[in-house]
Amino acid sequence: MSKRCCNQLYKFVLLCLSFSFVLLNVSSTVSAATYSVPETTGVELTWDHNSPLPDGYRVYQRESGQKYDYSNPVWTGSDNLAQVYNLAYDTTYYFVVRAYDGSLVSVDSEEVSFMAPAPSDGTDTDFNDPVVNDGQTTTETVINDGDTGTSTSGNWSVSGGADPYGSESFYSKEAGATYTYTMGAPGTYEVEMWWTEYASRSTAVPVKIYDGSTLLETIYVNQQVDGGQWNFLGVYEFFSEPRVVIVSVGNGYSTCADAVRFLESTDVSSEDVLDDGDAGTSTSGNWSVSGGANPYGSQSVWSKDAGATYSYAMAASGSYEIQMWWTEYTSRSNAVPVKIYDGSTLLDTVYVNQQQDGGQWNSLGVYEFSTQARVVIVSVGNGNSTCADAVRFAETTSTPTSSEEILDDGDTGTSTSGNWSVSGGANPYGSQSVWSKDAGATYSYAMAASGSYEIQMWWTEYTSRSTAVPVKIYDGSTLLDTVYVNQQQDGGQWNSLGVYEFSTQARVVIVSVGNGNSTCADAVRFAETTSTPTSSEEILDDGDTGTSTSGNWSVSGGANPYGSQSVWSKDAGATYSYALAASGSYEIQMWWTEYASRSTAVPVEIYDGSTLLDTVYVNQQQDGGQWNSLGVYNFSTQAKVVVVSVGNGKSTCADAVRFTK
C-alpha cells in the first residue's frame with residue numbers, strides 16, 4: 001500500500017528580539033527537501049535570513065505527541081540551510097527554527113512537518129491512504145468547522161484569524177457557548193486540535209473530551225499561541241462515540257473553533273487527575289486560595305510557610321508519567337521542590353520554576369510504582385510563594401530508563417582542596433551552596449559508576465561569579481572532558497553537562513577560577529541512561545599541535561581564555577589555523593576572549609582539506625569566554641578552521657576550536 005509524503009513551502013514569521021523590544025518582523029519561508037542515507041532518511045530545511053543577521057539559528061525537532069526540547073537543538077549554525085539526519089522512515093517529524101543573538105532568542109517560526117515513506121515498490125502515492133503517526137500506521141478523520149458531525153450552542157461568527165484549517169475558522173465571546181465535534185467510530189485515537197490566533201483569544205480555553213456522555217478529561221489550551229497548526233491533546237480510548245466540545249470562556253475573551261483530528265492509534269493509556277481538594281489530597285501548614293490566572297478547575301492554592309506540604313496520592317502499580325499544573329504569580333518560587341514517592345520510598349525530587357509555564361500541564365518524568373504514587377509539593381518560604389493546583393498520573397507503556405544519584409555539597413563522596421565558604425546565593429540545592437575565590441581550589445563529587453550517565457550540575461548565581469568555570473569530568477583518573485559553565489546564569493536549576501561513559505568511577509571536579517571571580521559548588525546529579533555518548537570531540541588550543549600562524553600574534557590580556565591564554569593580532573590578513581584529520585560530520589565551535597578593540601566581524605574560514613566550505617563572521621565584542629557554534633560541516637579528509645585578522649585598527653582573537661563529531 002502506498003503512503004503519503006508531502007514536501008511543501010511553509011510561511012512563517014521569525015522574530016529577532018532586542019533587549020526590550022521586538023526588533024524585526026520578517027515574513028519568510030521555510031522549505032523541506034529530502035535526501036537519503038543508509039537505512040534512515042533526512043531532511044534539508046531552508047529559510048530566509050533575518051536582517052540584520054543574528055548570531056545564528058537553531059533548529060528543533062519533535063514527533064507527534066511530543067514537545068520541543070529547547071535545550072537540545074538538532075542543528076545550530078549561522079547559515080539558513082540545515083540538514084537533519086537519522087530520521088526514521090514512515091514517521092512524521094515537526095520542525096521549528098529560532099534565531100539567537102547573544103543571549104537573546106526569538107520565538108518559534110511556524111512549524112513545518114515532514115514524513116518520508118519507506119522505499120516503495122514504484123506504485124503511485126495515494127493521498128487518501130493511511131498516514132503515519134508516532135511510527136505506527138494510523139488512519140485519520142478530520143472534522144472541520146461546519147462539517148457533518150459538528151454542532152453548536154450560542155453565537156459563533158467567522159473569524160479573521162490567520163491560517164485557518166480549510167477556508168475559515170469561527171469564534172465566540174459568549175460565555176458557555178459550545179462548538180462540538182462528534183465522530184461515530186469507537187476505538188483508540190490521538191486527538192489533535194487546530195485554531196487560529198487572535199489578540200483577544202483566551203489563554204485557557206476549556207476543551208472537554210467525551211466518550212459518549214462520559215467526560216474523560218478537560219484540557220485548557222492557550223489560543224494566543226500555536227495557531228495554524230495541529231496541537232496534541234492526548235490519546236484516548238473511546239468505547240462509544242468520540243466527542244470534543246470547545247467551551248467559550250467569555251469575560252471579554254474570544255474562543256476559536258476550527259478543526260479537530262482523530263488519529264487512530266495503538267497506544268492505550270489511562271490517567272487520573274487529582275485537583276486541589278479532591279479525594280487523595282492532603283496538606284500540612286497553611287494554604288490559601290490563589291489569585292493566579294488559569295487554574296486547573298476552579299482554583300489553585302498557595303503557601304508561604306517554609307516546609308508546608310500539599311500531597312496527591314493514588315493507588316498505582318506500573319509505569320506513570322507525572323504531570324503538574326500550577327498558576328504563575330510574581331511572588332512564586334523559581335525552584336519549588338516536588339517529591340515523588342512510591343509508597344514511602346522517595347524516587348526523585350524535581351525542582352520546578354513556578355514563575356514560568358503556568359496554566360498548563362508540565363511533565364516531571366516517568367516513574368515506576370508498585371503500591372501508591374504520591375506527589376508532595378513542598379513550600380519554599382523565604383518570602384516566596386508556592387502553588388499547589390493539580391497533578392496528572394498518566395499510565396504509560398514507557399518504562400523509566402534511568403536511575404540517578406545526587407551528591408550535594410558535604411555529602412559522602414565529596415572532597416575539597418583550598419578554601420570554600422557557605423554562599424549567600426539564592427535557591428541552593430538542599431540547604432546551602434559553597435563558594436571559593438582561591439585560584440585552583442577544587443570541589444569534587446565521586447561515585448562508583450559503570451555505564452552511561454548524564455551529568456547535571458546545580459549552582460547558585462551571584463554577581464561575582466565566574467562566567468567560565470572549568471568543570472572536569474573523569475572516568476577514574478582519565479579526563480573525559482572539560483566543560484565551562486557560566487555561573488552568572490541558569491542558577492537554582494539542573495544544567496546538563498553531557499552524557500559520558502564510565503567504567504570505574506564517575507568524578508566531577510569544579511575548579512575555582514580566582515582572579516577576583518567566585519566559583520560556586522552546590523550539587524551534581526549522575527543520571528544513568530540507556531543513551532550512549534553520541535559524539536566525540538577534539539579541542540585545539542592556541543599553540544597546540546595542529547595549529548599554525550602567519551603574521552604577528554601576541555598574548556592577549558582578554559578575560560576568560562580557554563586554557564592559560566589567548567592570542568591577538570592587528571595585522572590585516574594574519575591567520576591562525578587549526579587543522580585536524582577528520583572524516584564525517586562535525587560541529588565546529590570557537591572560543592575567544594573579548595576586548596574593547598575586537599572586531600565585530602572576524603572572518604572564520606572553514607575548509608575540507610583545501611576546499612573552502614564556508615566563511616562565518618563572528619562578533620568578538622560579544623560571547624567571549626564560552627563556546628560558540630559556527631555550524632555543522634561534512635569533512636572528507638581534514639577539518640581546518642582559519643581565523644583571519646581584520647586589521648584596520650581592530651584586534652582579532654584566536655584562542656581555541658572544538659571539533660565535535
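Computed from a predicted model, the values in this text were never measured in an experiment. (Residues numbered from 1 in each chain as written. Predicted model: local features only at pLDDT ≥ 70, side-chain atom pairs only at ≥ 80, totals over all residues. Heavy atoms only, no water.)

In this structure, Ser436 sits in strand β39 (residues 434-436). The spacing of Ser436 and Asn419 is 17 residues in sequence and 6.1 Å in space, taken between C-alpha atoms. With residues near it in sequence (within four places) discarded, Ser436 still touches Asn419, Trp420, Ala441, Ser512, Asn517, Ser518 and Thr519. A polar atom in the side chain of Ser436 sits 2.7 Å from the backbone oxygen of Asn419. (Helix = DSSP H or I, 4+ residues; strand = E, 2+ residues; numbered from the N terminus. Contact = heavy atoms within 4.5 Å. Polar contact = N/O pair within 3.5 Å; in protein donor to acceptor, adjacent residues only side chain to side chain.)

In a beta sheet, neighbouring strands pair by backbone hydrogen bonds and run either parallel or antiparallel. Across the sheet, which stays open at both edges, the 3 strands sit in the order β38-β39-β46 with antiparallel pairing between neighbours. Taken across any chain shown, the strands that pair with only one partner, and hence form the sheet edges, are β38 (421-422) and β46 (519-521). (Pairing = 2+ DSSP bridges.)

Before going further, it helps to spend a moment on unusual backbone geometry. Phi angles above zero are rare outside glycine, and Asn251 is one such case at about 55°. In this fold, Asn251 is placed in the loop between β21 (242-247) and β22 (255-257). In this structure Asn251 comes out as exposed when scored by relative accessible area, which is 68%. The phi angle at Asn294 is positive, at roughly 60°, despite the residue not being glycine. Looking at where Asn294 falls in the secondary structure, it is placed in the loop between β26 (288-289) and β27 (301-303). Overall, Asn294 belongs to the partly exposed group, its relative accessible area being 25%. (Buried < 20%, exposed > 50% of the residue type's maximum accessible area, 1.4 Å probe, protein only.)

This brings us to the packing of aromatic side chains. In total, this model carries 33 aromatic pairs according to the counting rule given. With centroids separated by 5.1 Å and ring planes inclined at 70°, the aromatic side chains of Tyr60 and Tyr70 adopt a geometry described as edge-to-face. On the criterion of sequence distance, the pair formed by Tyr60 in strand β4 (residues 56-63) and Tyr70 in the loop between β4 and β5 (75-77) is long-range, its members being 10 residues apart. With centroids separated by 5.3 Å and ring planes inclined at 35°, the aromatic side chains of Tyr310 and Tyr312 adopt a geometry described as tilted. (Phe/Tyr/Trp six-rings, centres within 6.5 Å; stacked < 30°, edge-to-face > 60°.)

The next point concerns the pattern of salt bridges. Under the defined criterion, the tally for this structure stands at 3 salt bridges. Glu140 is the partner of Arg261 in a salt bridge, and the nearest nitrogen-oxygen pair spans 3.4 Å. Of this pair, Arg261 sits in strand β23 (residues 259-264) while Glu140 sits in strand β12 (residues 140-144), and the two are 121 residues apart along the sequence. In this structure Arg261 comes out as buried when scored by relative accessible area, which is 9%. Notably, a salt bridge pairs Arg261 with Glu192, separated by 2.7 Å at the nearest N-O pair. Here Glu192 lies in strand β17 (residues 187-194) and Arg261 lies in strand β23, a separation of 69 residues in the sequence. One salt-bridge network, in which partners are shared between bridges, spans Glu140, Glu192 and Arg261. (Salt bridge = Lys/Arg side-chain N within 4 Å of Asp/Glu carboxyl O.)

Burial analysis of strand β42 (residues 469-475) places 6 of its 7 residues in the buried class, the great majority of the element. Remark: 2 residues form the turn of the hairpin made by β42 and strand β43 (residues 478-485), two consecutive strands paired antiparallel; Gly476 in that turn has positive phi of roughly 65°. Bridge count between β42 and strand β45 (residues 505-511): 5 bridges; the pairing is antiparallel. Bridge assignment links Lys472 to a residue of β45, and that residue is Val509.

What follows is about the sheet that holds β42. Taken in spatial order, the 5 strands make up an open sheet running β37-β40-β45-β42-β43, and their pairing is antiparallel. Two strands in the sheet have a free side with no partner beyond their single neighbour: β37 (414-417) and β43. Mean inter-strand twist for the sheet, computed between neighbouring axes without regard to direction, equals 20°. Summarising the sheet, β42 and β43 pair through 7 bridges and their orientation is antiparallel. (Axes fitted to C-alpha atoms, helices over the stretch in contact; angles between N-to-C directions.)

Coordinates in, geometry out; function isn't part of it.
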